[in-house]
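# Chain and residue survey
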Amino acid sequence: GAVVSQHPSRVICKSGTSVKIECRSLDFQATTMFWYRQFPKQSLMLMATSNEGSKATYEQGVEKDKFLINHASLTLSTLTVTSAHPEDSSFYICSGHRGYGYTFGSGTRLTVV
Amino acid sequence: AQKITQTQPGMFVQEKEAVTLDCTYDTSDPSYGLFWYKQPSSGEMIFLIYQGSYDQQNATEGRYSLNFQKARKSANLVISASQLGDSAMYFCAMREVLIQGAQKLVFGQGTRLTINP
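Structure report, in brief.

About the thresholds
- Throughout this description, residue numbers start from 1 for each chain and increase along the sequence as written.
- Each chain takes a letter, starting from A, and each ligand takes a number, starting from 1, following the order in which they are written.
- In keeping with the model being predicted, local features are shown solely for residues with a pLDDT of at least 70 and side-chain atom pairs are shown and tallied solely at 80 or more, while totals for entire chains, interfaces and linings include all residues.
- To get the side-chain values, take all heavy atoms of the structure and skip hydrogens and water.
- When accessible area is computed with a 1.4 Å probe and restricted to protein chains, residues below 20% of their type maximum are described as buried, those above 50% as exposed, and intermediate ones as partly exposed.
- Helix and strand definitions follow DSSP, with helices as H or I runs of at least four residues and strands as E runs of at least two, each counted in order from the N terminus.
- Should DSSP find at least two bridges between two strands, the strands are taken to pair.
- Contact definition: two residues touch when any of their heavy atoms are within 4.5 Å.
- Defined in terms of a 1.4 Å probe, buried area is the accessible area two parts forfeit on being brought together, summed over both.
- Any Lys or Arg side-chain nitrogen found within 4 Å of a carboxyl oxygen on Asp or Glu counts as a salt bridge.
- Two N or O atoms count as a polar contact when they lie within 3.5 Å, although within protein this holds only if one can serve as hydrogen donor and the other as acceptor, and sequence-adjacent residues are included solely when both atoms are side-chain atoms.
- Helix axes are fitted to C-alpha atoms over the stretch in contact, other axes to C-alpha atoms as well, and angles between N-to-C directions run from 0 to 180 degrees.
- Only buried Ala, Val, Leu, Ile, Met, Phe, Trp, Tyr and Cys residues count toward a nonpolar core, and they belong to the same one when joined by side-chain atoms within 4.5 Å.

### Some details on the pairing of strand E10 (residues 88-97) of chain B
Residues and elements named next belong to chain B. Within E10, nine of the 10 residues are buried, leaving the element largely enclosed by the surrounding structure. Bridge analysis of strand E5 (residues 33-39) against E10 gives seven bridges, and the strand direction is antiparallel. Each residue of the ladder has a partner; that of Trp-36, found in E10, is Cys-92. Inspection of the sheet shows E10 paired to strand E12 (residues 111-116) by three bridges, in the antiparallel sense. Bridge assignment links Met-89 to a residue of E12, and that residue is Arg-112.

Now the structure itself:
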């Protein structure tokens, strides 16, 4: 089946630094990758939609300059959290779109200290 | 307005019993898709079952079945013969088709299912 590999699974960083999260579709070409954020005991909130070779589309209220998304190839999309603050601590998960289905990465738990 | 609604924050069921997780949705688009995902404590999202709006029959996948009532806009998940490993968060989601064919998946609030031995 379709697999999306997401790394790292956990990361702890200091306030003010940047963190990059990678999602790779291993056995299919994900023309579209979705990035979600999930706070504890809450649902997944869509942050942005990235399409290969074009700028990402951000949901209302999501800061483009803070959450940089790059989708340079059909198999790789990255999310960079810039100048991280403790309030950015959350679970981030990507999803590759294939046909009518969506394959999720395993998620990244980010802790900003 | 909430497009996907799961009204049960938590459910407790005895092992081997069947359980129904509720999901209602709201859309004016005649073509849509409904999904159920399971999220264990590890955080991964596990696809369970899919129902297309034009599908004539209710979807089934092993112990999972989807009770699709289109007129009532409900897509409840039924898990038969529940197992301890079924304890997890369950999310209902709907595929929204946007302009120019773009799509996104919108999630409900989730239901935490606990299976008791």
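### Thoughts on the interface of chain B and chain A
Of the residues lining the interface, 17 residues belong to chain B; the matching set on chain A comes to 17 residues. For the chain B and chain A pair, buried surface summed over both sides reaches about 1400 Å², with 59% attributable to carbon and sulfur atoms. Area buried by chain B at its contact with chain A is led by Met-45, Gln-103 and Lys-104 of chain B, which between them contribute 31% of it. For the interface between chain B and chain A, the tally reads one salt bridge. Glu-59 of chain A is the salt-bridge partner of Lys-104 of chain B, the closest N and O atoms lying 2.9 Å from each other. For the pair chain B and chain A, the interface holds seven residue pairs in polar contact (both at pLDDT 80 or more).

### Some thoughts on the sheet that holds strand E7 (residues 67-73) of chain A
All names here are of chain A. Taken in spatial order, the four strands line up as E1-E3-E8-E7 in an open sheet, and their pairing is antiparallel. The strands lining the two open edges of the sheet, one partner per strand, are strand E1 (4-7) and E7. Looking at each pair of strands side by side, their axes are set apart by 15° on average, direction ignored.

### Topic: the environment of Pro-40 of chain A
Among the structural elements, Pro-40 of chain A can be located in the loop between strand E4 (32-38) and strand E5 (44-51). Spatially, the C-alpha atom of Pro-40 of chain A lies 7.6 Å from that of Ser-90 of chain A, the residues being 50 residues apart in sequence.

### A closer look at the pattern of salt bridges
Residue and element names in this part refer to chain A. Summed over all chains, the structure comprises six salt bridges over all chains. As a salt-bridge pair, Glu-22 and Arg-24 come within 3.7 Å of each other at their nearest N and O atoms. Judged by relative accessible area, Glu-22 falls into the partly exposed class, the value being 29%. Here Lys-66 makes a salt bridge to Asp-88, at a shortest N to O gap of 2.9 Å. Here Asp-88 lies in the loop between strand E8 (76-81) and strand E9 (90-98) and Lys-66 lies in the loop between strand E6 (57-58) and E7, a separation of 22 residues in the sequence. Assessed through its relative accessible area of 4%, Asp-88 is described here as buried.

### Things to note about the side chain of Thr-27 of chain B
Residue and element names in this part refer to chain B. In this structure, Thr-27 sits in the loop between strand E4 (24-25) and E5. Looking at Thr-27, its side chain comes within polar contact range of the main-chain nitrogen of Asp-29, at 3.1 Å. When near neighbours in sequence (up to four residues on either side) are disregarded, Thr-27 contacts Tyr-32, Lys-73 and Met-94.

### Focus on the nonpolar core
Core analysis: the largest hydrophobic core is formed by 25 residues, its most contacted members being Tyr-25, Leu-34, Trp-36, Ile-49, Leu-77, Tyr-90 and Leu-113 of chain B. Ignoring anything within four residues of it in the chain, the contact list for Leu-34 of chain B reads Ile-4, Tyr-25, Ile-49, Tyr-50, Gln-51, Phe-68, Ala-75, Ala-93 and Met-94 of chain B. If you look at the next biggest cluster of nonpolar residues, it comprises 23 residues, including Val-4, Met-47, Tyr-58 and Val-112 of chain A.

### A closer look at unusual backbone geometry
Cis geometry marks the peptide bond from His-7 of chain A to Pro-8 of chain A, where omega comes out at -5°. Examined against the element boundaries, Pro-8 of chain A turns out to sit in the loop between E1 and strand E2 (10-13). Its identity is not glycine, yet Ser-83 of chain A carries a phi of approximately 45°, on the positive side. As for its placement among the helices and strands, Ser-83 of chain A is situated in the loop between E8 and E9. The exposure class of Ser-83 of chain A is partly exposed, given its relative accessible area of 36%. Of note in the backbone geometry, Lys-73 of chain B takes a positive phi value of approximately 55° without being a glycine. Among the secondary structure elements, Lys-73 of chain B is positioned in the loop between strand E8 (64-69) and strand E9 (74-79).

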